[in-house]
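Geometric and topological summary
Each chain, letter by letter, is given below.
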Amino acid sequence: MSKAENTRQFIIEKSAPIFNMKGYAGTSLADLIEATGLTKGSIYGNFENKDAVALAVYEHNINALKKRISDFLSKEITENDKLIAFTEYYRSNWKRVFEKGGCPIQNASIEADDNLSFLKKHVQNSIINWAKDIAAIIEKGQKKGEFKKDINASEYAYTIITVLEGGIMLSKIMNDRKLLFSALNRIDMIIRSEIKQ
């Protein structure tokens, strides 16, 4: 990478946890200056404005989450085991997720829904792609005979995301990881009783 690309990546990596913890609206230029040790001119020499930093940070956080989950699932052979591993990822990493401010998709969704129009389409695309990834596992499992053939893979993918995100939200606000684990148990039950052949 060029020096400019390195600086840009440095700004993104240092800013990523701040945006996820404080929110996009709640993160100030002073926060970015403190986190990076750079001047306002250096930051805005690499990004047009704070919105551009926020968008780059969001994409960085989403890509990092996607890679961690993908790496976790890649150890599994069957599609059923991959779906179960999806919930196991959150059981194993709940503390890290909470300490980093929660799910970046959820955090951005809450703000982008009414206040950050520049971010909303990106969040929508993240959710669509996430659902497609889960649906692809289900569809592959259907072809292999692991999952019921008459179920709608896309509907179940969105259900899994909905239950998971609800569990994360309630656990964080109530400061009780059992609420997340209860949601994960519900997803496992859906997999066993409604998806699995």
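Residues numbered from 1 in each chain as written. Predicted model: local features only at pLDDT ≥ 70, side-chain atom pairs only at ≥ 80, totals over all residues. Heavy atoms only, no water.

A few points about the overall build of the protein chain
Scanning the protein chain from N- to C-terminus turns up nine helices and zero strands. When the elements of the protein chain are put in sequence order from the N terminus, they spell out α-α-α-α-α-α-α-α-α. Across its three principal directions, the C-alpha atoms of the protein chain cover 60 × 40 × 30 Å. Every one of the 197 residues in the protein chain was classed for burial, and the buried ones make up 41%. The contacts in the protein chain between residues at least 6 apart in sequence include a share of 66% that link residues at least 24 apart. Working note: accessible area of the protein chain is about 10700 Å², and carbon and sulfur atoms make up 53% of it. (Helix = DSSP H or I, 4+ residues; strand = E, 2+ residues; numbered from the N terminus. Buried < 20%, exposed > 50% of the residue type's maximum accessible area, 1.4 Å probe, protein only. Contact = heavy atoms within 4.5 Å. Areas by Shrake-Rupley, 256 points an atom, 1.4 Å probe, with all protein chains shown as cover.)

Quick notes on the layout of surface pockets
Considered as a void within the structure, the largest pocket measures approximately 460 Å³ in volume. Around the largest pocket, the lining is made up of 21 residues, and of these Lys 66, Ile 69, Asn 129, Trp 130 and Asp 133 lie nearest the centre. Looking at the lining of the largest pocket, the elements with two or more residues in it are α4 (50-73), α5 (79-99) and α7 (117-144). Of the residues assigned to the lining of the largest pocket, the class counts are ten nonpolar, seven polar and four charged. In terms of lining, the second largest pocket is formed by 16 residues, of which the most central are Asn 20, Asn 61, Arg 68, Arg 96 and Lys 100. (1 Å grid on protein atoms, 1.4 Å probe; cavity = no way out; pocket = protein on both sides within 12 Å on 5 of 7 lines; lining within 4 Å. Points joined across faces, edges and corners; volume = space filled by probe spheres on them. Nonpolar A, V, L, I, M, F, W, Y, C, P; charged D, E, K, R; others polar.)

Examining the packing of aromatic side chains
Inspection of the entire model under this criterion finds six aromatic pairs. Where Trp 94 meets Phe 98, the ring centres are 5.7 Å apart and the plane angle is 80 degrees; that geometry is what we call edge-to-face. With a gap of four residues between them, Trp 94 and Phe 98 both fall in helix α5, about one helical turn apart. The class of Trp 94 is partly exposed, set by a relative accessible area of 23%. A relative accessible area of 17% means that Phe 98 is categorised as buried. Aromatic rings pair up to connect Phe 72, Phe 86, Tyr 89, Tyr 90 and Trp 130 into one cluster. The ring centre of Phe 98 lies 5.8 Å from the NZ or CZ of Lys 172, which sits over that ring. Its guanidinium or amino end placed over the ring of Phe 181, Arg 177 lies 5.0 Å from that ring's centre, counting from NZ or CZ. (Phe/Tyr/Trp six-rings, centres within 6.5 Å; stacked < 30°, edge-to-face > 60°. Lys NZ or Arg CZ within 6 Å of the ring centre and 35° of its normal.)

Some thoughts on the side chain of Glu 111
In this structure, Glu 111 sits in helix α6 (residues 104-114). Residues in contact with Glu 111, not counting those within four places in the same chain, are Gly 23, Tyr 24, Ala 25, Gly 26 and Leu 116.

Focus on the environment of Asn 6
For Asn 6, the position within the fold is in helix α1 (residues 3-22). Residue classification places Asn 6 among the partly exposed positions, given a relative accessible area of 38%. The spatial distance from the C-alpha of Asn 6 to the C-alpha of Ser 182 is 42 Å, given a sequence separation of 176 residues.

Some words on α6
Within α6 the residues assigned to the buried category are Pro 104, Ile 105, Gln 106, Asn 107, Ala 108, Glu 111 and Ala 112. Buried-residue contacts for α6 involve α1, α4, α7 and α8 (153-174).

Some points on the nonpolar core
Among the nonpolar cores identified, the biggest contains 52 residues, and Leu 83, Phe 86, Tyr 90, Ile 134, Ile 138, Leu 164 and Ile 195 are the most heavily contacted of them. Among the secondary structure elements, those contributing two or more residues to this core are α1, α4, α5, α6, α7, α8 and α9 (177-195). Residue contributions to this core peak at nine residues, all from α4. Once residues within four sequence positions are removed from consideration, Phe 86 is found in contact with Ile 69, Leu 73, Trp 130, Ile 134, Ile 160 and Leu 164. (Core = buried A, V, L, I, M, F, W, Y, C linked by side-chain atoms within 4.5 Å.)

Observations concerning the packing of α4 against α7
Following both chains from N to C, one finds α4 and α7 inclined at 10 degrees, their axes separated by 10 Å at the closest point. Judged by the angle between their axes, α4 and α7 are roughly parallel. Where α4 abuts α7, its residues Asp 51, Ala 54, Leu 55, Tyr 58, Glu 59, Ile 62, Lys 66 and Leu 73 lie against Phe 118, Leu 119, His 122, Val 123, Ser 126, Asp 133 and Ile 137. (Axes fitted to C-alpha atoms, helices over the stretch in contact; angles between N-to-C directions. Parallel < 35°, antiparallel > 145°, perpendicular 65-115°, else oblique.)

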